[in-house]
Amino acid sequence: MLRSLGQRPVTGSGEDPRVAELRSAVSRLRRQLAAHPAEFPDRAVAEDELAALAAMTVVGTPEIPRLRRSLLLIAGAIGSVSALSRSLADVRHAVELFGPPPRN
């Protein structure tokens, strides 16, 4: 379930809903990547960065610059794999919940 910024979890867990959304999106993409039969040159990069994102969701609110860096690396590594495009878009959306990219 997607929640907008500023909404609090209903369960009383105190968990930031943005973190929960990111964790869910990362988990889906990791599962799909693991099940994807094709090998491609930067697969290990994508797997490593997805593991880093998953770890960030365990320790609280992630650092936004690190989130964006990981997203760029993942997108560069698997962006051309059409079977993963929807899940990649979900991860991008979850990262964007933490705020817009900085303007130059």
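Residues numbered from 1 in each chain as written. Predicted model: local features only at pLDDT ≥ 70, side-chain atom pairs only at ≥ 80, totals over all residues. Heavy atoms only, no water.

Peer 1: Mind laying out the overall build of the protein chain, listing which residues take part and the relevant values?
Peer 2: Across its full length, the protein chain holds four helices and zero strands. Along the protein chain, helices and strands appear, N-terminal first, in the series α-α-α-α. Counting over 104 residues, the protein chain shows a buried share of 38%. For the protein chain, long-range pairs separated by at least 24 residues make up 64% of all intrachain contacts whose partners lie at least 6 apart in sequence. (Helix = DSSP H or I, 4+ residues; strand = E, 2+ residues; numbered from the N terminus. Buried < 20%, exposed > 50% of the residue type's maximum accessible area, 1.4 Å probe, protein only. Contact = heavy atoms within 4.5 Å.)

Peer 1: Which residues make up the packing of helix α1 (residues 17-35) against helix α2 (residues 43-58), and what values go with them?
Peer 2: One can describe the packing of α1 onto α2 by two numbers: an axis separation of 9 Å at closest approach and a directional angle of 150 degrees. It follows from the interaxial angle that α1 and α2 lie roughly antiparallel. Helix-helix and strand crossings are classified by hand; for α1 and α2 the assignment is left-handed. When α1 is examined against α2, the residues V19, L22, R23, V26, L29, R30, L33 and A34 are found in contact with a partner set consisting of R43, A46, E47, L50, A51, L53, A54 and T57. Residue classes in the contact of α1 with α2 are distributed as eleven nonpolar, one polar and four charged. (Axes fitted to C-alpha atoms, helices over the stretch in contact; angles between N-to-C directions. Parallel < 35°, antiparallel > 145°, perpendicular 65-115°, else oblique. Left-handed = near helix turned anticlockwise from the far one by under 90°. Nonpolar A, V, L, I, M, F, W, Y, C, P; charged D, E, K, R; others polar.)

Peer 1: Quick one: what's the story with α2, residue by residue and with numbers?
Peer 2: A rise of 1.5 Å per residue sets the reference length of α2, with its 16 residues, at 22 Å; its end C-alpha atoms lie 23 Å apart and thus fit the reference within 8%. Among the residues making up α2, those that are buried are R43, A46, E49, L50, A52, L53, A54, M56 and T57. Of the surrounding elements, those touching the buried residues of α2 are α1, α3 (64-78) and α4 (85-96). Directly after α2, the chain includes G60, whose backbone phi takes a positive value near 120 degrees. (Expected span 1.5 Å × (residues − 1).)

Peer 1: So what about the nonpolar core? Which residues, and what values?
Peer 2: Membership of the largest hydrophobic core comes to 25 residues, with the highest contact counts inside it found for L29, I78 and V91. Beyond its immediate chain neighbours, meaning those up to four positions away, I78 contacts L29, L33, F40, A46, L84 and L88. (Core = buried A, V, L, I, M, F, W, Y, C linked by side-chain atoms within 4.5 Å.)

Peer 1: Outline α3, supporting the account with residue identities and numerical values.
Peer 2: Taking 1.5 Å per residue, 15 residues should reach 21 Å; α3 reaches 21 Å between its end C-alpha atoms and fits that length. The set of residues buried in α3 consists of L67, R68, S70, L71, I74, A77 and I78. Contacts from the buried residues of α3 go to α1, α2 and α4.

Peer 1: If you had to explain the pattern of salt bridges to someone new, which residues and values would you point to?
Peer 2: Following the criterion strictly, the structure yields nine salt bridges and no others. Among the salt bridges present, the one from R23 reaches E15, with a minimum N-O distance of 2.6 Å. R23 gets classed as partly exposed once you look at its relative accessible area, which sits at 32%. A salt bridge links D16 to R18; its shortest N-O distance comes to 2.6 Å. Sharing partners across several salt bridges, the network here consists of R28, R86 and D90. (Salt bridge = Lys/Arg side-chain N within 4 Å of Asp/Glu carboxyl O.)

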